[in-house]
Amino acid sequence: MSLRLGDEAPNFQAKTTAGDIDFYEYLGNSWGILFSHPADYTPVCTTELGRTALLNEEFAKRNVKVLAVSVDALDSHFGWVKDINETQHCDVTFPIIADEDRKVATLYDMIHPNASATATVRSLFVIGPDKKIKLTITYPASTGRNFHEVLRVIESLQLTAQHSVATPANWEHGEDVIVVPAVSTEDAIKKFPKGVKVVKPYLRYTPQPNID
């Protein structure tokens, strides 16, 4: 059965390029990203892992820990990391799981038989500090992820988890947000001192509340 938003992210133990880990222990109180790769030494995956490494500081600023999954062996991973660092001009320091028995891939429903019976699709899970699944994104093996979008949705998830707001289409950090319907306009005016712009009774904007 596939995992859905709000489900508890399954815990697991695995061998990785950073040593043996327990997933929950690795995450601690941080947000987490778990994302899969069809196989080692594949071109799109090489660029994705390189981009992830180059964004290390951006993930750290948002209290996000990253963990990748590939169904090849640990020795293969170590050789591939050297290639990634060389070709993408980066330093891959986050763990890459050696999922030879496809335990993690199966646990997180990363193998879609109609796409490939052996390789994972490009699944990405954002997991909150409460170990619940907050977001899933799935691409076919042929299409690389948009990491700008990954960072954008993490910012939205963290913002909306703390404040009674939602983010509109194409929202970027610093732009106005939407007051959720559960908050009355009267309460919203008290709750958001920066101001509330009422376009319709159900569509009310306020400046992003967690920045000065």
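Residues numbered from 1 in each chain as written. Predicted model: local features only at pLDDT ≥ 70, side-chain atom pairs only at ≥ 80, totals over all residues. Heavy atoms only, no water.

With an unreviewed UniProt entry as reference, the chain is termed Peroxiredoxin, source organism Panacibacter microcysteis.

To continue, consider the side chain of Ser123. Structurally, the position occupied by Ser123 is in strand β6 (residues 122-127). With relative accessibility at 2%, the residue Ser123 sits in the buried group. Beyond its immediate sequence surroundings of up to four residues, Ser123 is in contact with Leu34, Phe35, Ser36, Met110, Ile137, Thr138 and Arg145. (Helix = DSSP H or I, 4+ residues; strand = E, 2+ residues; numbered from the N terminus. Buried < 20%, exposed > 50% of the residue type's maximum accessible area, 1.4 Å probe, protein only. Contact = heavy atoms within 4.5 Å.)

Evaluation of the coordinates by the stated rule reveals six aromatic pairs. On the numbers, 6.3 Å between centres and 45 degrees between planes, the contact of Phe35 with Phe94 is tilted. Taken together, the residues span a long stretch of sequence, with Phe35 in strand β3 (residues 31-37) and Phe94 in the loop between α4 (74-88) and β5 (96-98) at a distance of 59 residues. Ring geometry for Phe35 versus Phe147: centroids 6.4 Å apart, planes at 80 degrees, classification edge-to-face. (Phe/Tyr/Trp six-rings, centres within 6.5 Å; stacked < 30°, edge-to-face > 60°.)

Let's shift gears to the environment of Lys65. If you trace the backbone, Lys65 turns up in strand β4 (residues 64-70). Remark: the alpha-carbon pair of Lys65 and Thr160, spanning 95 residues in sequence, is separated by 19 Å. Once you skip the residues sitting within four places of it in the chain, Lys65 turns out to touch Tyr26, Leu27, Ser30, Trp31, Gly32 and Ile33.

All right, on to the UniProt feature "active site" (unreviewed entry) in the chain then. Per the UniProt entry, the sites bearing "active site" (unreviewed entry) are Cys45 in this numbering. With relative accessibility at 0%, the residue Cys45 sits in the buried group. Setting aside residues up to four positions removed in sequence, Cys45 forms contacts with His37, Pro38, Ala39, Trp80 and Arg122. (UniProt positions renumbered as here; feature names shortened; annotations may be inferred.)

Another aspect to go through is helix α6 (residues 147-162). Look at α6: 23 Å from first C-alpha to last across 16 residues, which is about the 22 Å you get at 1.5 Å a residue. Regarding α6, the residues found buried are Phe147, Val150, Leu151, Arg152, Val153, Ile154, Glu155, Ser156, Leu157, Gln158 and Leu159. (Expected span 1.5 Å × (residues − 1).)

Enumeration according to the criterion identifies eight salt bridges in this entry. Glu48 is paired through a salt bridge with Arg145; the nearest N and O atoms lie 2.6 Å apart. Of this pair, Glu48 sits in helix α2 (residues 43-54) while Arg145 sits in the loop between β7 (133-139) and α6, placing them 97 residues apart in sequence. Judged by its relative accessible area of 2%, Glu48 is buried. Residue classification places Arg145 among the buried residues on the basis of a relative accessible area of 9%. (Salt bridge = Lys/Arg side-chain N within 4 Å of Asp/Glu carboxyl O.)

Quick look at α4 now. Given a rise of 1.5 Å per residue, 15 residues ought to cover 21 Å, and the 20 Å separating the end C-alpha atoms of α4 matches this to within 8%. Residues His77, Trp80, Val81 and Ile84 constitute the buried set of α4. All buried residues of α4 lie within an arc of 115 degrees about the axis, which places them on one face of the element. Facing away from the buried side of α4 by over 90 degrees, the exposed positions are Asp75, Lys82 and Glu86. Buried residues along α4 sit against β3, α2, β4 and β5. Note on α4: the residue one or two positions beyond its end, His89, has a positive phi of about 55 degrees. (Arc of directions from axis to C-beta.)

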